[in-house]
Amino acid sequence: MNYSIYVDEAGNTSQSSICVIAGIITNNKQELDAEKEIKSIISQKLPARYRDNFYFHASDIWNSKIFREDWNSEQRGEFLNSMMSIPSHLKIPSAIAAGGKEGLRTIHKEFEDKISIENMQLLIAMMQFLTKIDHYFRQHCLKEDTYSLNFENSPKMSSKITRLVNIINKNEFKFEPEHFSSPPSQSFVYNDGGENENP
């Protein structure tokens, strides 16, 4: 079976102490089912005036003035809850990992000419995330199953991710266990029977 992993990150800035990477793992049937649910939610809960060329971005729905004229906060909240409940409803596995600056500052001094502390923070989160994805496939999938990793369509982020993957492949940095223990604690939610795992 072929799987797709859709990934996004948050907090990869100089102002943030934590960088988070989150993603969902879908197979072909789940993607089709999710598409049907999305269309149903849009047709039932999104005001008609916003439906043409609609692009779902949660923070825009909640914060943008564009959506506030004839769509009150209770209705927008209901719409967001419906959209964000799709993975749980369809038992789509989701993964989350985090990398914190705390504990990285000492090791970063050795490599500050190669990588910013923000990108090192993202690197830690990515390594955590890929480890959890690998763990999921070893536990739940067959050896012949394949998956593709899909990040947001941003040239800047694509370039950054490519650089970090090269760093991982070349084993440029040596990390210690404490570099992977910054809060919040990492978790993997399987959604295949209500089981949560906290390594």
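Structure shown above.
Residues numbered from 1 in each chain as written. Predicted model: local features only at pLDDT ≥ 70, side-chain atom pairs only at ≥ 80, totals over all residues. Heavy atoms only, no water.

Caption draft 1: Quick look at the overall build of the protein. When helices and strands are counted, the protein shows seven helices and six strands. Expressed as a percentage of its 199 residues, the buried residues of the protein come to 40%. The long-range share in the protein, meaning contacts at least 24 apart out of those at least 6 apart in sequence, stands at 69%. With an accessible surface of roughly 12200 Å², the protein has 50% of that area assigned to carbon and sulfur atoms. (Helix = DSSP H or I, 4+ residues; strand = E, 2+ residues; numbered from the N terminus. Buried < 20%, exposed > 50% of the residue type's maximum accessible area, 1.4 Å probe, protein only. Contact = heavy atoms within 4.5 Å. Areas by Shrake-Rupley, 256 points an atom, 1.4 Å probe, with all protein chains shown as cover.)

Caption draft 2: Molecular detail of helix 3 (residues 73-84). The end-to-end C-alpha separation of helix 3 is 16 Å, in line with the 16 Å expected for 12 residues at 1.5 Å each. Packing partners of the buried residues in helix 3 comprise helix 1 (28-45), helix 2 (58-63) and helix 4 (86-89). (Expected span 1.5 Å × (residues − 1).)

Caption draft 3: Representation of the pairing of strand 1 (residues 2-10) in the model. The sheet contact formed by strand 1 and strand 4 (residues 146-150) spans five bridges and is parallel. Its bridge partner being in strand 4, Y3 is matched across the sheet by Y147. (Pairing = 2+ DSSP bridges.)

Caption draft 4: Looking closely at the layout of surface pockets. Within this model, the largest pocket holds a volume of roughly 1500 Å³. Around the largest pocket, the lining comprises 30 residues; the ones closest to its centre are Y6, D8, I24, Y55 and F56. Broken down by secondary-structure element, the contributors of at least two residues to the lining of the largest pocket are strand 1, strand 2 (18-27), helix 1, helix 2, helix 3, helix 4 and strand 3 (94-100). Taken together, the residues of the lining of the largest pocket sort by class into 18 nonpolar, seven polar and five charged. (1 Å grid on protein atoms, 1.4 Å probe; cavity = no way out; pocket = protein on both sides within 12 Å on 5 of 7 lines; lining within 4 Å. Points joined across faces, edges and corners; volume = space filled by probe spheres on them. Nonpolar A, V, L, I, M, F, W, Y, C, P; charged D, E, K, R; others polar.)

Caption draft 5: Seen up close, unusual backbone geometry. Even without being glycine, N53 reaches a positive phi, approximately 55°. Summarising the element assignment, N53 is placed in the loop between helix 1 and helix 2. On the basis of relative accessibility, which here comes to 79%, the residue N53 falls in the exposed class. One non-glycine residue, K91, lies in positive phi territory at about 55°. Summarising the element assignment, K91 is placed in the loop between helix 4 and strand 3.

Caption draft 6: Local environment of the environment of I115. Tracing the backbone through its elements, the reader meets I115 in the loop between helix 5 (105-111) and helix 6 (117-140). A residue is classified by how much of its surface remains accessible, and I115, at 5% relative accessible area, is buried. Separated by 49 residues in sequence, I115 and L164 have C-alpha atoms that sit 9.4 Å apart.

Caption draft 7: Layout of the pairing of strand 2. Sheet topology places strand 1 next to strand 2; eight bridges connect them, and they run antiparallel. Paired with V7 across the bridge in strand 2 is G23. Bridging between strand 2 and strand 3 involves seven bridges; their strand directions are antiparallel. Looking at the pairing, I18 lines up with G100 of strand 3.

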